[in-house]
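Okay, here's what each chain looks like letter by letter:
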Amino acid sequence: MQATATAPIIAFHHVNKIYANGTVGLKDIDFQIPRGQFLVVVGLSGAGKSTLLRTINRMHEISSGEIRIDDAPIGAYKGKALRQLRCHIGMIFQNFNLVNRASVERNVLSGLVGYYPTWKCILGLFSAADKQRAVQALKRVSLTPKIFTRADELSGGQQQRVAIARTLMQDPKIILADEPVASLDPRTTKDVMDTLQRLNREDGITVIVNLHSVALARQYADRIIGLRAGELVYDQPIDNVTTADLDRIYQTN
Amino acid sequence: MTNSTLDLPKRPWRQRYHVAAIGWTLVLGVLLVLSSLMTGANLGTFLSNIDQFLALLVQMSHPAWSYLHVILQPLYETIQMAILGTTIGAVLAVPFALLAASNLVGNRLLRGLIRFFLDLVRTLPDLLLAAIFVAVFGIGSTAGVITLAIFSFGMVSKLFYEVIETIDMGPLEALKSVGATKVTMIWYAVLPQILNQFVSYFLYTLEINVRASTVLGYLGAGGIGVYLQRSLGEFNYSATAVIILATLVVVLVIDGISNHLRRVLL
Amino acid sequence: MQTTLENHPLTHHLFWRRWHWLLWVVVVAGVYSWAIGGLHFTGIQESAGSVSRSILHGLLHPDWAYVYNGSGEDLSSLILQTLAIAFLGTFVSALISVPFAFWAARTDQHWAHLRSGSGKVVLTLIRTFPEIVLAIMFIKAVGPGSYAGVLAVSIHSIGMLGKLFSESLENMDRGAEEAIRSAGGNRSEILTLATLPTIFPEFISYTLYRFEIAVRSASILGMVGAGGIGTPLIFAIQTRSWSRVGIILLGIIVMVLAIDSLSEQLRKKLI
């Protein structure tokens, strides 16, 4: 056991997930993620990557085991406490998940749901300071000129950056990104991955990304873990990762 | 002004003051006020008379089941009217649909005229047609069948030509290249491609016509509607309830059969 | 069951495949002979020919004076009244249909089938309940006139709008909802920030479509006394004033065509 300066931000303890139809989603997952890490999860589709990610903000429930965030078990959270947990964990999706017909500004501001009372959210009564923050967030993803544009008028890469700006409004300590570049072309892929990397390095946000591209994983990750059929089959810091290792994760057997 | 606001793009005033949203809300509001004034709609009248409405509902919740045997025959008649009306309408619709399909008829003028004619037919509500045909043919199911035939003609012809426009033109060109006539081409290359869809739309129209035919009799065009009118006229609401329930069962059964057949077909 | 079907003697299978169309022919022939045999087409009045001729004459020589005579009972006022019935009825119905749609929409939670199933049944019942019977019932409550028409349209349209709305809820992209949930939104925030904005254009589009249909039904509700252009139409038919019938039919056709094309334009803009 090597001594770490800080406690891990996320810890999985023997986590299992079995779906209602009997399919095994996750099998005895047991590992820790230190604060500020850029972690990439690789594996075939259906290996449990999405499930793993979504257990961290309880979008999916686990069947047994325990997940701790900042050393607090998250399994018991209900209602308000659960929403507070999610509020500090940003999430990025493959399909961007914006409200297509709303303006970029409105989409970004919707990241504040956890911080405002419901009625203010519904009426769109966000403070001037928070509107300024929205501008700042858009500036960080270089999209200020598009602030009043409708979300569906943007390209895929731009939409994903709007989604990142929305996440920034949450002031997250963790960002979960589920195949964030799977529906993007190579150039916009680089934009989005660079943005995530910047947030990781400049703000110290812990970033966990699911990727199916091995090349991207090696380029951006501090550490790569591999899943196969719900099991953690690989876990190495980036310096130890070899191509042969990664090929083995993608082997079907 | 802080630094960051300077980077923001200028919004045109239309967007800045939400002109579109406010405009539409105003239009909607004005139309709502006008139409409430014009129809004299207000919740108060309804609520102050609600006891009468409830009394009616109470009567209807005690269906006079003995009435059932009286209405069985007219119920059959209703279905028969719907079947015949839909069939006549659908058969008439086929040539018009072929002429209105843009991939079969190159002549835009002819196609436009046919489509305009079909649009005109579709504007007329079923009960309106029934009122006229009762005046022409007298009270009875003839008026009902003709009403339903025209009503379904308008509906089916549009569904049909939209299907025809989606067909694969390959077989058609193959036949054309060997010198087939238009009729041969339609018989061997068009009809086989669309037959299933035609039958499916036919059944769908039949469902709608069964619903429609239950009220046509209200104006004298045969079927169960005649008894509906009679019971309502006599304030015999428990009989009305039986009629409505029986109609409901018939409609649901026909819908079920038709849905099943359509699933098998497609 | 499945294995016995597969192990069926091949010959039997082929026989069935070759001849089962015959069964259909018999069924269809049976249905049609029943339908034709059951109806009696006797009793066509002898005047049918002459009545048709006078109707045609009336349609070709419409009573133009009826278009506007300042009485408030003329064609233009009653067409406007018809539109008002359809508009108000559809508007109210669209509002009521939203909760019905959420009731009837099937979601992925499997315990919810009972809820959505019961919602679908209720919507089917409403859809099947004849609109003119509703109109007559409301006439008992609020007296004859266009208000009864508004109520009838409002209630009857729920059947169709609720169904269309619930189907678009079932097929909508749930991405935005997931995003708001993952950012810590509660149910009402998910609904107002994600679900409704995503689904709104589709709801409006269906409402416009339903408005087109409501205009047609509002023009006949008057036949039972529920206001609008239907009332003078049925009087004109009963009194055989065919030039009056002619102008009213023209009025209805123009109104319906105008509303259809207006609504189509708006719906195109929405998508």
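What counts as what
The residue numbers shown here count from 1 along each chain, following its written sequence. To label them, take the chains in the order written and letter them from A, then take the ligands in the order written and number them from 1. Side-chain atom pairs in this predicted model are given and counted only at pLDDT of 80 or more, local residue features only at pLDDT of at least 70, and totals for whole chains, interfaces and linings cover all residues. The side-chain numbers reported here are obtained from all heavy atoms of the structure, hydrogens and water having been left aside. Numbered from the N terminus, helices here are DSSP runs of H or I no shorter than four residues, and strands are runs of E no shorter than two. For the radius of gyration, the atoms used are the C-alpha atoms, and the globule rule reads 2.2 Å times the number of residues raised to 0.38. Note on exposure labels: buried denotes an accessible area under 20% of the residue type's maximum, exposed denotes more than 50%, and partly exposed covers the range between, all computed with a 1.4 Å probe on protein chains only. Any pair of residues with heavy atoms lying within 4.5 Å of one another is described as a contacting pair. Method for areas: the Shrake-Rupley scheme with a 1.4 Å probe, in which residue coverage is limited to the protein chains shown. Charged-residue counts in this description rest on Lys and Arg as positive and Asp and Glu as negative, His and the chain ends being excluded. Where a charge lies is defined by one atom per residue type: Lys uses NZ, Arg uses CZ, Asp uses CG and Glu uses CD. What is meant by a nonpolar core is a set of buried Ala, Val, Leu, Ile, Met, Phe, Trp, Tyr and Cys residues, joined one to another through side-chain atoms within 4.5 Å. Angles here are taken between N-to-C directions and fall from 0 to 180 degrees, while the axes themselves are lines fitted to C-alpha atoms, restricted in helices to the stretch in contact. Handedness of a crossing is defined here by the sense of rotation of the near helix relative to the far one, left-handed for an anticlockwise turn of less than a right angle and right-handed for a clockwise turn. When residues are sorted by character, Ala, Val, Leu, Ile, Met, Phe, Trp, Tyr, Cys and Pro go into the nonpolar class, Asp, Glu, Lys and Arg into the charged class, and all the rest, Gly among them, into the polar class. Salt bridges are identified by distance alone: a Lys or Arg side-chain nitrogen within 4 Å of an Asp or Glu carboxyl oxygen. Polar contact criterion, stated in full: a pair of N or O atoms within 3.5 Å, where within protein one must be able to donate a hydrogen and the other to accept it, and residues adjacent in sequence count only if both atoms are side-chain atoms. What counts as buried area is the accessible surface, traced by a 1.4 Å probe, that two parts surrender upon association, with contributions from both included. UniProt positions are given in the numbering used here, feature names are shortened, and annotations may be inferred rather than shown by experiment. Two rings from Phe, Tyr or Trp (for Trp, the six-membered ring) form a pair when their centres sit within 6.5 Å of each other. Planes less than 30 degrees apart are called stacked, planes more than 60 degrees apart edge-to-face, and all others tilted. Consider the ring centre and the ring normal. A charge sits over the ring if Lys NZ or Arg CZ is within 6 Å of that centre and within 35 degrees of that normal.

1. Here's the deal with the overall build of chain A
Across its full length, chain A holds nine helices and ten strands. Over its C-alpha trace chain A gives a radius of gyration of 18 Å, about what one expects of a compact globule, namely 18 Å for 253 residues. Taken over the C-alpha atoms alone, chain A extends approximately 50 × 40 × 40 Å along its principal axes. Across the 253 residues of chain A, 51% fall into the buried class. For chain A, the proportion of contacts with a sequence separation of at least 24, taken over those separated by at least 6, is 70%. Of the roughly 11100 Å² that chain A leaves accessible, carbon and sulfur atoms contribute 50%. If the 31 positive side-chain charges of chain A are averaged to one point and the 24 negative ones to another, these points end up 7 Å apart.

2. Quick look at the environment of A:Ile175
Residue and element names in this part refer to chain A. Within the fold, Ile 175 resides in strand E7 (residues 174-178). Classification of Ile 175 as buried rests on a relative accessible area of 0%. Apart from residues lying up to four places away in sequence, Ile 175 is in contact with Gly 90, Ile 92, Thr 167, Leu 196, Leu 199, Ile 205, Thr 206, Val 207 and Ile 208.

3. A closer look at the nonpolar core
Among the nonpolar cores identified, the biggest contains 105 residues, and B:Leu128 and C:Met223 are the most heavily contacted of them. In terms of residue count, helix H8 (residues 126-137) of chain B provides more of this core than any other element does, eleven residues in total. Not counting the four nearest positions on each side in its chain, C:Met223 is found in contact with B:Leu127, B:Leu128, B:Ala131, B:Leu219, C:Gly230, C:Thr231, C:Leu233 and C:Ile234. Core analysis: the next-biggest nonpolar cluster, separate from the first, contains 59 residues, A:Leu138, A:Leu168, A:Leu184 and C:Ala176 among them.

4. Description of the packing of helix H5 (residues 50-60) of chain B against helix H13 (residues 237-265) of chain B
All names here are of chain B. Running from N to C, H5 and H13 cross one another at 65°; their axes reach a closest spacing of 7 Å. As for how H5 packs across H13, the hand of that crossing is right-handed. Residues Leu 56, Gln 59 and Met 60 of H5 form the contact with H13, whose own contacting residues are Tyr 237, Ser 238, Thr 240, Ala 241 and Ile 244. Counted by class, the contact of H5 with H13 contains five nonpolar, three polar and no charged residues.

5. Quick word on the interface of chain C and chain A
With 20 residues of chain C in contact, the opposing surface of chain A contributes 25 residues. At the junction of chain C and chain A, the tally comes to one salt bridge. Of the charged contacts in the structure, one is a salt bridge between C:Glu178 and A:Arg54, with a shortest N-O distance of 2.7 Å. Put simply, chain C and chain A have seven residue pairs in polar contact (both at pLDDT 80 or more) between them. Listed by contribution, the elements that provide at least two residues to the side of chain C that touches chain A are helix H8 (175-182) and helix H9 (187-221) of chain C. Considering each element in turn, the side of chain C that touches chain A owes the most residues, eight residues, to H9(C). Of the residues that constitute the side of chain C that touches chain A, the class distribution is nine nonpolar, eight polar and three charged.

6. Some details on the interface of chain C and chain B
Between chain C and chain B, the contact holds 58 residues from the first and 62 residues from the second. Interface area for chain C against chain B, summed over the two sides, is near 5200 Å², with a carbon-plus-sulfur share of 79%. Linking chain C with chain B are zero salt bridges, by the criterion used here. Across the chain C-chain B interface, the total number found is eight residue pairs in polar contact (both at pLDDT 80 or more). With eight residues, the top contributor of residues to the side of chain C that touches chain B is helix H6 (residues 131-142) of chain C.

7. Concerning the environment of A:Gly46
Residue and element names in this part refer to chain A. In this structure, Gly 46 sits in the loop between strand E3 (38-42) and helix H1 (49-56). Look at Gly 46 and you get exposed, because its relative accessible area is 78%. A C-alpha to C-alpha distance of 39 Å links Gly 46 and Pro 145, two positions 99 residues apart in sequence.

8. What to know about the UniProt feature "domain: ABC transporter" (unreviewed entry) in chain A
With numbering aligned to this structure, UniProt lists the feature "domain: ABC transporter" (unreviewed entry) at residues 10-250 of chain A. In the segment residues 10-250 of chain A, helix accounts for 37% and strand for 24%; the C-alpha atoms at its two ends are 26 Å apart.

9. Remarks on unusual backbone geometry
Peptide bonds are trans in most cases, and residues, glycine excluded, mostly fall at negative phi. Even without a glycine there, the phi angle at B:Phe235 is positive, about 55°. Structurally, B:Phe235 can be placed in the loop between helix H12 (225-233) and H13. Using a relative accessible area of 52% as the deciding quantity, one classes B:Phe235 as exposed. Unlike most non-glycine residues, C:Arg240 shows phi in positive territory, near 55°. By the secondary structure assignment, C:Arg240 is in the loop between helix H10 (230-238) and helix H11 (242-270). With a relative accessible area of 42%, C:Arg240 lands in the partly exposed category.

10. Description of the packing of aromatic side chains
Applying the stated rule across the entire model yields 15 aromatic pairs over all chains. On the numbers, 5.0 Å between centres and 10° between planes, the contact of A:Phe12 with A:Phe31 is stacked. Separated by 19 residues along the polypeptide, A:Phe12 in strand E1 (residues 10-18) and A:Phe31 in strand E2 (residues 24-33) bring together distant segments of the chain. Taken as a pair, A:Phe12 and A:Phe31 share a single burial class, namely buried. Ring centres of B:Phe53 and C:Phe138 lie 4.9 Å apart, and the angle between their planes is 5°; on these two criteria the pair is classed as stacked. In this pair, B:Phe53 sits in helix H5 while C:Phe138 sits in helix H6, so the two residues belong to two different chains. For C:Phe138, a relative accessible area of 4% gives the class buried. For C:Arg244, the ring lying beneath its charged end belongs to C:Tyr66, and the centroid distance is 3.9 Å.

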